[in-house]
Amino acid sequence: MSEQPLNPTPAGSHDADVTSDPTAADEAAALRAASFERARRLRMEPRFPGGPAADPAGSHHERRIRSFQPRRSRVTTGQQESLERLWPKWGLDIDGKRVLDLAELFDGLPVVLEIGFGMGEATAQMAADDPGTGILAVDVHTPGQGNLLGLADKAGSTNVRVANGDAVILLREMLAPESLDGLRVYFPDPWPKARHHKRRLIQPEFLDLVAPVLKPGAIVHCATDWEPYAEQMLEVLTAHPRFENTAADGGYAPRPVFRPLTRFEGQGLDKGHVVHDLLFARV
């Protein structure tokens with residue numbers, strides 16, 4: 001019987017061949033690098049020519065903790081049609097390269113910024129109910145962008161503009177001082193795990209960016225069904241010197257009639273969740 005090696009190479013394995021052949025190893029590494037580069041370029045390419053860019057502020061890439069995760073899930077035929085037809089008219093990319101002229105963009109209407117609109121049902125409803133207020137709606141979710149554009153168009157609302165990208169870059173680089181009449185942040189990601197709390201949007205540093213672009217008296221309106229996050233929001237907003245609670249008791253506010261009850265919120269209420277609204281004025 002012939003002697004067998006102590007650590008035989010499994011049948012079908014080519015590791016030993018690649019390791020012993022530097023040329024083959026280099027070729028394999030080059031193929032992997034090319035594959036990664038192709039995948040990266042595909043992620044960067046817009047899915048719809050003339051529509052929202054995959055990474056509008058790529059030149060402004062920063063090593064900082066982000067409060068959002070870009071989601072580019074399946075786009076329906078209707079959403080795609082809305083993006084292709086309406087994005088050139090009502091959409092804009094947050095590229096950090098210019099300061100927006102909101103008076104021109106919204107034909108002189110007062111403008112409220114909404115960060116994170118999901119599929120856009122509540123935003124479209126508020127726009128239809130209050131055509132005298134412009135809504136600059138920011139999100140990174142492509143299907144939601146298309147859905148909101150379609151809903152606004154169907155309702156005949158012309159007071160919605162959809163912004164694609166990072167709201168922090170928008171606030172920091174693309175909005176003039178005291179140009180906004182309000183800010184809405186409804187049901188942001190609660191990042192429930194303790195190690196992820198630093199990703200929550202409502203933080204002192206975020207409010208430092210918000211305060212200068214709001215007009216005096218402008219309302220910051222937050223809503224969440226996550227109790228620990230509501231407590232953090234109340235604490236952070238109360239402690240900030242540029243904001244004052246509109247609730248007489250210094251706590252949460254009743255849900256304003258202008259904020260629609262969304263399907264997501266209704267599901268939470270059915271599960272026993274308590275929704276908290278916070279309304280703070282910029283001083």
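The notes below deal with the structure included here. The numbering scheme is per chain: residues are counted from 1 as the chain's sequence reads. Given that this is a predicted model, residues contribute local features only at a pLDDT of at least 70 and side-chain atom pairs are listed and counted only at 80 or more, while totals for whole chains, interfaces and linings are drawn from all residues. Water and hydrogen atoms play no part in the side-chain values, which are based on all heavy atoms of the structure.

## Some remarks on unusual backbone geometry
Test applied: Secondary structure elements follow DSSP: runs of H or I no shorter than four residues count as helices, runs of E no shorter than two count as strands, and numbering proceeds from the N terminus.
Phi is positive for Asp107, which is not a glycine, with a value near 55°. Tracing the backbone shows Asp107 in the loop between α4 (102-105) and β2 (111-115). Backbone geometry places Glu178, a non-glycine residue, at a positive phi of 55°. When you line up the elements, Glu178 lands in the loop between α7 (167-173) and β5 (180-186).

## What about the sheet that holds β5?
Inclusion rule: In this analysis, strands are considered paired if DSSP registers two or more bridges between them. A fitted line through C-alpha atoms represents every axis, and for helices the fit uses only the stretch in contact; the resulting angles, taken between N-to-C directions, go from 0 to 180 degrees.
Sheet architecture is open: 8 strands sit in the order β1-β4-β3-β2-β5-β6-β8-β7, paired in mixed fashion. Strands at the two margins of the open sheet, each flanked by one partner only, are β1 (91-93) and β7 (243-245). Neighbour to neighbour, the strand axes of the sheet diverge by 25° on average, direction disregarded. Sheet topology note: the β5/strand β6 (residues 214-224) ladder contains 6 bridges and is parallel. Across the sheet, Gly182 pairs through a bridge with Ile219, a residue of β6.

## Notes on the packing of helix α3 (residues 77-90) against helix α6 (residues 142-155)
To keep it simple, the criterion reads: Working rule for angles: under 35 degrees goes down as roughly parallel, over 145 as roughly antiparallel, 65 to 115 as roughly perpendicular, anything else as oblique. Should any heavy atoms of two residues lie within 4.5 Å, those residues are considered in contact.
It is the contact of α3 with α6, at a shortest axis distance of 8 Å, that shows an interaxial angle of 75°. One finds that α3 runs roughly perpendicular with respect to α6. Here Gln79, Ser82, Leu83, Arg85, Leu86, Trp87 and Trp90 of α3 lie close against α6, whose contacting residues are Thr142, Pro143, Gln145, Gly146, Asn147, Leu149, Gly150, Ala152 and Asp153.

## Side note on the packing of aromatic side chains
What counts here: Centres within 6.5 Å make a pair out of two Phe, Tyr or Trp rings, where for Trp the six-membered ring is used; the pair is then stacked when the planes are under 30 degrees apart, edge-to-face when over 60, and tilted otherwise. The criterion is that NZ of a Lys, or CZ of an Arg, lies within 6 Å of the ring centre and within 35 degrees of the ring normal, and then a charge sits over that ring.
Tallied over the entire structure, the rule returns 0 aromatic pairs. We note Arg161 situated over the ring of Phe106; from NZ or CZ to the ring centre the distance is 5.1 Å. We note Arg199 situated over the ring of Trp191; from NZ or CZ to the ring centre the distance is 5.4 Å.

## Remarks on α3
Inclusion rule: By this rule, a helix spans an expected 1.5 Å times one less than how many residues it contains. Bending is quantified residue by residue as the angle between axes fitted to the seven-residue window ending at that residue and the seven-residue window starting at it. Think of it in three bands: residues with accessible area under 20% of the maximum for their type are buried, residues over 50% are exposed, and the middle band is partly exposed, with areas taken using a 1.4 Å probe on protein chains only.
With 14 residues, α3 extends 19 Å between its outermost C-alpha atoms, agreeing within 8% with the 20 Å of an ideal straight helix rising 1.5 Å per residue. At Glu84, α3 shows its largest kink, close to 35°, and the proline Pro88 lies no more than four residues downstream. Along α3, the residues classified as buried are Gln79, Ser82, Leu83, Leu86, Trp87 and Trp90. Against the buried residues of α3 lie β1, α6 and β4 (160-164).

## Description of the pattern of salt bridges
What counts here: Salt bridges are defined by distance alone: a side-chain nitrogen of Lys or Arg within 4 Å of a carboxyl oxygen of Asp or Glu.
Scanning the entire structure with this criterion turns up 8 salt bridges. Note that Asp153 and Arg85 form a salt bridge whose closest N and O atoms lie 2.9 Å from each other. Note that Asp153 is positioned in helix α6 and Arg85 in helix α3, a separation of 68 residues in sequence. Judged by relative accessible area, Arg85 falls into the partly exposed class, the value being 42%. Residue Asp277 pairs with Arg259 through a salt bridge whose shortest N-O separation is 2.8 Å. With a gap of 18 residues between them, Asp277 in strand β8 (residues 276-282) and Arg259 in the loop between β7 and α10 (263-270) connect regions that are remote in the sequence. Its relative accessible area of 2% is what places Asp277 among the buried residues. Sharing partners across several salt bridges, the network here consists of Glu81, Arg85 and Asp153.

## Overview of the pairing of β2
To keep things clear, this is the line we draw: By definition, the crossover connecting two strands over a helix is right-handed if that path, from the first strand to the second, turns clockwise as seen with the strands pointing away from the viewer.
Where burial is concerned, most of β2 is hidden: 5 out of the 5 residues are buried. Burial along β2 is two-sided: the residues Val111, Leu113 and Ile115 and Val112 and Glu114 are all buried. Of the pairings in the sheet, the one linking β2 to strand β3 (residues 134-139) comprises 5 bridges and is parallel in character. Bridge pairing links Val112 to Ile135 in β3. Following the backbone out of β2, through helix α5 (residues 121-129) and into the adjacent parallel β3, one traces a crossover that is right-handed. Sheet analysis places β2 next to β5, joined by 3 bridges and oriented parallel. Within β5, the residue paired with Leu113 across the bridge is Leu183.

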